[in-house]
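# Analysis of the macromolecular model
Each chain, written out:
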Amino acid sequence: MDVGGVGTAERANASVLAPYVPRLVTDWATAHADDLRQPIPGTMVFADLSGFTAMSERLSRHGRVGAEEVTDAIGACFAELLAVAYDAGGGLLKFGGDALLLAYRGDHHTHRAVWAAAAMRERLREAGKLKTSAGNVTLRMSVGIHSGTFECFLVGSPSRELLVVGPAASEVVAMEHGASAGQIVVSPATAAALPERCVGDPLEGGFLLRRSPDPPPDAPRQVNDVVGDIDLREFIPLAVHEHVLAGGGSPEHRVVTVAFVHFGGLDAFLADQGPEKTAVALDALVTTVAQACAAHDVALLATDVDADGGKFLLTAGAPSVRGHEEERMLATARRIVEADLAIPVRVGVNRGPVFAGDVGPHYRRTYTVMGDTVNLAARLMAAAAPGHVVATASVVDRAVGFASTALPPMRVKGKRAPVEAYEVGAAHARRSSDQGDVVELPFVGRQTELAQLERFLEDARAGEGAFVRVAGPAGIGKSRLLSELRARSPEMRSIHATCEAYEVATPYATIGCLLREALQLPTDASTAEVSSTLRAAVERHAPDLEPYVPLLGSVLDLDIPDTPETAALAPQYRAARVADTTASLLAAILRGPMLAVIDDSEWIDEASREVVEKLGSLAAEARIVLVCVARDDAPTGDGALLVAPLAPAEAEAALLQATEGAPLRPHELAALTSRADGNPLFLTELWRATTDGEDPDALPDSVEALVTAQLDRLPPALRTVLGYAAILGRGFDRAELHELIGNDVRLDDDTWRALAEFVSFEEGTRARFRHGLMRDAAYGKLPFRRRRELHLRAARAVERRAQPRPDAEAELLSLHFFHAQEYRETWHYARFAGERAREKYANVDAAVLLQRAIAAARKLPDLDPREVAEVREALGDVHEQRSGEYERALADYRAARRLVRGDAVREAGLLKKEAWIPERIGRYADAIRAIRKGLKLVETLDGVPAGRARAQLYAAYAVIRQGQGRSREAIRLCRRAISEARAVDDKASEAHALYVLDWAHAELGQF
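Residues numbered from 1 in each chain as written. Predicted model: local features only at pLDDT ≥ 70, side-chain atom pairs only at ≥ 80, totals over all residues. Heavy atoms only, no water.

## As for the overall build of the protein chain
A tally of regular secondary structure across the protein chain gives 39 helices and 26 strands. Over its C-alpha atoms, taken along the principal directions, the protein chain stretches across nearly 115 × 80 × 55 Å. Burial statistics for the protein chain: of 1007 residues in total, 57% are counted as buried. Surface summary for the protein chain: the accessible area is close to 42400 Å², and the carbon and sulfur share equals 49%. Here the protein chain contributes 117 positive and 141 negative side-chain charges, whose respective centroids are spaced 6 Å apart. (Helix = DSSP H or I, 4+ residues; strand = E, 2+ residues; numbered from the N terminus. Buried < 20%, exposed > 50% of the residue type's maximum accessible area, 1.4 Å probe, protein only. Areas by Shrake-Rupley, 256 points an atom, 1.4 Å probe, with all protein chains shown as cover. Lys, Arg positive; Asp, Glu negative; His and termini not counted. Charge placed at Lys NZ, Arg CZ, Asp CG, Glu CD.)

## Comments concerning the pairing of strand E19 (residues 466-472)
In terms of burial, E19 is a largely internal element, six of the seven residues being buried. Of the strand pairs in this sheet, E19 and strand E22 (residues 624-631) are connected by seven bridges, and their pairing is parallel. Bridge assignment links Gly-472 to a residue of E22, and that residue is Arg-631. Alignment of E19 against strand E23 (residues 640-642), held across three bridges, turns out to be parallel. Paired with Arg-469 across the bridge in E23 is Ala-640. (Pairing = 2+ DSSP bridges.)

## Here's the deal with the pattern of salt bridges
For the structure on display, the rule yields 58 salt bridges. Here Arg-488 ties to Glu-484 by a salt bridge, and the two come within 3.1 Å at their closest N and O atoms. Taken as a pair, Arg-488 and Glu-484 lie in helix H14 (residues 478-488) at a separation of four residues, close to a single helical turn. When salt bridges with common partners are traced through the structure, they connect Glu-835, Arg-838, Glu-873, Asp-877, Arg-906 and Lys-913 into a single cluster. (Salt bridge = Lys/Arg side-chain N within 4 Å of Asp/Glu carboxyl O.)

## So, the side chain of Thr-498
Here Thr-498 lies in strand E20 (residues 493-498). Once you skip the residues sitting within four places of it in the chain, Thr-498 turns out to touch Asp-599, Asp-600 and Arg-768. (Contact = heavy atoms within 4.5 Å.)

## Here's the deal with the sheet that holds strand E26 (residues 766-769)
With antiparallel pairing, the three strands of this open sheet are ordered in space as E24-E26-E25. Only two strands of the sheet have a single partner each, and these edge strands are strand E24 (731-733) and strand E25 (759-761). Sheet twist, expressed as the mean angle between neighbouring strand axes with direction ignored, is 30°. Summarising the sheet, E24 and E26 pair through three bridges and their orientation is antiparallel. Its bridge partner being in E26, Phe-732 is matched across the sheet by Ala-767. Contacts from helix H26 (residues 734-741) reach E24, E25 and E26 within the one sheet, and its direction differs from that of E24 by about 75°. (Axes fitted to C-alpha atoms, helices over the stretch in contact; angles between N-to-C directions.)

## Description of the sheet that holds strand E21 (residues 594-599)
In spatial order, the strands read E20-E21-E22-E19-E23; together these five strands make up an open sheet with parallel pairing. Taken across any chain shown, the strands that pair with only one partner, and hence form the sheet edges, are E20 and E23. Across the sheet, the axes of successive neighbouring strands diverge by a mean angle of 15°, strand direction being ignored.

## Let's talk about the nonpolar core
Of all hydrophobic cores here, the largest spans 76 residues; its most connected members are Leu-534, Leu-585 and Trp-827. Ignoring anything within four residues of it in the chain, the contact list for Leu-534 reads Leu-519, Val-549, Leu-552, Leu-556, Leu-558, Ile-560 and Leu-585. Of all hydrophobic cores here, the second largest spans 48 residues; its members include Leu-101, Phe-150, Leu-154 and Met-381. (Core = buried A, V, L, I, M, F, W, Y, C linked by side-chain atoms within 4.5 Å.)

## A closer look at unusual backbone geometry
Here the residue pair Gly-592 and Pro-593 is connected by a cis peptide bond, since its omega of 20° sits within 30 degrees of zero. Positionally, Pro-593 belongs in the loop between helix H19 (571-589) and E21. Going from Gln-803 to Pro-804, the amide bond is cis rather than trans, its omega being 5°. Here Pro-804 shows up in the loop between helix H29 (784-802) and helix H30 (810-819).

## Focus on the environment of Ser-50
Here Ser-50 shows up in strand E1 (residues 37-50). By relative accessible area, which is 29% here, Ser-50 ends up partly exposed. The spacing of Ser-50 and Gly-182 is 132 residues in sequence and 8.9 Å in space, taken between C-alpha atoms. Setting aside residues up to four positions removed in sequence, Ser-50 forms contacts with Thr-138, Leu-139, Arg-140, Met-141 and Ala-181.

## Overview of the packing of aromatic side chains
In this description, a pair of aromatic rings is defined by centroid distance and the angle of the planes. Here the structure, examined in full by the defined rule, presents eight aromatic pairs. Pairing Trp-752 with Phe-761 gives two aromatic rings, centres 5.7 Å apart and planes at 90°, and the pair type is edge-to-face. Pairwise contacts between aromatic rings join Phe-732, Trp-752, Phe-761 and Phe-769 into one cluster. Across the ring face of Phe-260, the terminal group of Lys-311 is positioned such that the distance to the ring centre comes to 5.9 Å. (Phe/Tyr/Trp six-rings, centres within 6.5 Å; stacked < 30°, edge-to-face > 60°. Lys NZ or Arg CZ within 6 Å of the ring centre and 35° of its normal.)

## Some words on the environment of Leu-203
Mapped onto the elements, Leu-203 comes out in strand E9 (residues 199-203). A relative accessible area of 24% places Leu-203 in the partly exposed class. Linking Leu-203 and Ala-179, residues 24 residues apart in sequence, is a C-alpha distance of 8.0 Å. Setting aside residues up to four positions removed in sequence, Leu-203 forms contacts with Gly-178, Gln-183, Val-185 and Leu-208.

## Let's talk about the pairing of strand E7 (residues 161-165)
The buried count for E7 comes to five of five residues, which makes it a mostly enclosed element. Residues Glu-161, Leu-163 and Val-165 line one face of E7 and the alternating positions Leu-162 and Val-164 line the opposite face, and both faces are buried. Sheet topology note: the strand E6 (residues 140-155)/E7 ladder contains five bridges and is antiparallel. Opposite Val-155, over in E7, you have Glu-161 as the bridge partner. Between E6 and E7, which pair antiparallel one after the other, the connecting turn spans five residues, and Gly-156 there sits at a positive phi close to 105°.

## What about the packing of helix H25 (residues 716-728) against H26?
Angle between the axes and distance between the axes are the two parameters that describe a pair of packed helices. Where H25 meets H26, the closest approach of the two axes is 10 Å, and the angle between their N-to-C directions is 115°. In this structure, H25 meets H26 at a crossing whose hand is right-handed. Listed contacts from H26 to Val-721, Tyr-724, Ala-725, Ile-727 and Leu-728 of H25 are Glu-736, Leu-737, Leu-740 and Ile-741. Among the residues making up the contact of H25 with H26, the classes are represented as eight nonpolar, no polar and one charged. (Left-handed = near helix turned anticlockwise from the far one by under 90°. Nonpolar A, V, L, I, M, F, W, Y, C, P; charged D, E, K, R; others polar.)

## Thoughts on the environment of Leu-552
Along the chain, Leu-552 turns up in helix H17 (residues 549-555). With a relative accessible area of 0%, Leu-552 lands in the buried category.

## Remarks on the packing of helix H32 (residues 843-857) against helix H33 (residues 865-881)
Two numbers describe how H32 lies on H33: the axes approach to 9 Å, and their chain directions differ by 150°. Relative to H33, the element H32 lies roughly antiparallel. Note on packing geometry: the crossing formed by H32 with H33 is left-handed. Within the contact between the two elements, H32 uses Asn-843, Ala-846, Ala-847, Leu-850, Gln-851, Ala-853, Ile-854 and Ala-857 and H33 uses Val-868, Val-871, Arg-872, Ala-874, Leu-875, Val-878, His-879 and Gln-881. Split into classes, the residues belonging to the contact of H32 with H33 amount to 11 nonpolar, four polar and one charged. (Parallel < 35°, antiparallel > 145°, perpendicular 65-115°, else oblique.)

See below:
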């Protein structure tokens, strides 16, 4: 290191860290490095944006999307405002969520500050008009301005914080508090320095700004282009500068415990004790807060200005997760309020979802957390008495070892309902939180489950297979159990398919994969190769199925012309026959002994589910052990296997075998076993942490939090890779991932080795998240804006790959485009895929896809309503055919009818379908009402379409009357239907009416 200065590494970091440090601080550190206090003459502008709280409350109902919208809005508005402020020579000192503290120093500081405030207000008139998912919002700004000498302190250890306190700071805050939205209030000292024409009426101890002064002279921008020979890490909180130097990463959603620590009474303290003793007291305060945070691994993110004092923002769970966030935050808060401080403090704590990340333009940035969770923590801080800690139930319920007293429900700004809060007392017993290649624990226990599975295999060898459902919560060891089973039976042939969440609406996605593997088809097989292989397999293994090969084409996306046998199938029976045929072929090809595993079956598409159920019924005779593995299910029946947590003795045995060379001490063994609660994934991570020198008590207390903590330990570039991969699903092709990433991140062998803890490799270029939770956590951390970008990028890649027939990937494309919010493409592909699913009689999958198309249509007001009506009608048909979802079908038909209002024939056709719904459940009066309404629309119309509509309505009317036992009226209606049908050559309606006519005559005994 250079003598008297900083070394090469620090200089290299300077350009990265500089935007996170106010120019005032770097000037101070360069000229007066050892001074704790400086009086700074100038003008300060305190601007608070109104509308964010109400918007945040409305958007909080939208969950993470709402949090991100709030953050985007704040970031965009502040970028606009800071551009104006910096052009006038101002500098941002403090960023307080939805408020800015700006400092103007040097010549003409009052003139420049006031002009900038007025220009910012003008800029906000356009930049503050926001369109959100919760409606349109208009942001306004209240501004306070004061000119004078501000008491500034650069205090604390290990990092130094800039605090602006004292009467001048309180005055600028008071001016802002006195201003209403859209107003600028200047203090008397500022007003005295302005032209008389600029100063308006008195208000709250200050004056309204009547008009802006003339544009000020040019002033240098207060950015840290050159920071001098100083180490900027000293002036950025530890957690923040570590986050920034690690590469920062994209903003992300997190569940975080947030605390605000308020300190007050500084105006009187300064007056009584003087600036030097105040500096010592503030230095002790900042150091105490920093040390308390370090002791419990809580992040000190920032300090902010407030009337007669200031506040600290603390977080547990951002920038990284350590576990026991609530306990660690309460331990930190209690340590602060129990410290022997000369300055009184009070604390508010809350827990919930936030949007965390770096915000601000490139020249001035900060790391912060935003959202309704943060706002409520600030409200609790304001409600707490000095020396007290107030926390929400969401914090207290998750923290162990703290005394707490329920407070009366409190009303706080921004919340409609009263907030349940507690005063938190001293800790009874605190947990220590000091911090100190893919490895798995030995396979132990599971003797019962393994013996049961081995019996199934033995039975298959002897001549009888089984259908087995294996279920259990995340991380319980289901996949490990099946791996051990295969390892113990190496001679047993096996086949494997995995269900993907993004294919849940793709008919036959899972079973198609299984059939392709059974046929030993390469992934890049041509359509002709698939067709010839299929026909050869049918001829060899199941020749009796040859007439039904077109049905197998539905499963493999082959367009095979109907045979007489398949053409004769009634539509309502076709899906069942596809399931029978596919299951029969698979049973014939896989005839065992054979082990067939379907993993993550909670994501199986409905069409595949029917085939699997049928294959399960054939498994015994075919000597196949068919295993479906699912998360969080409760299987029942003879083939049910619920994977339970490891017994304490089994968990201890696994740890003892793993640590044979360096055994754990008894209390460590007991602690790990107790914490893991029988979950092998959790136990493995706790053991690994112990071997790495970490304290297990400092680790997360759930599998989900643990996976998030695992991701947090990765460098940002590797987290980015996993986020991109998560867009593609739990399983993905590395070549596709390369295409998706482009030049954003380098992918090479070193990258994959570093990610081996999270990703395993399969045949060829296929890869897979080791656990679904890992994929879910990586995806969940992506900001919604980034998700949209990546889904769009993925969709374009799929389209290019699928040329010249991108519709072949319509299901996947509709999903990617929908999440990319590209609704026109979503409409096209979802509509196409939905119709294709209907053609395959995969009604559950069709419903998902058609609903996606409808959701896209709502965003496309220029669509032809008749086209949207067709999709609505198709969705109604699907609902009507699915397990009698009659009310949903009725709603769809009515929605379709509203879209074609004025087209009498279309309305009449839909009314006929509406009539069938109440007819199905015996509400004949409602059915007849719909029929009569339809007849009234077309009774006097000419033309073939109207004639067919009348024929269909009269035939339907006849069915309803016959169902009521009114056969004579049914006969009359049938004759009218037959007459209408013959007039327009409608053979189908004529045949329908003739059938009902025969039925009615038979009821009357006339035949």
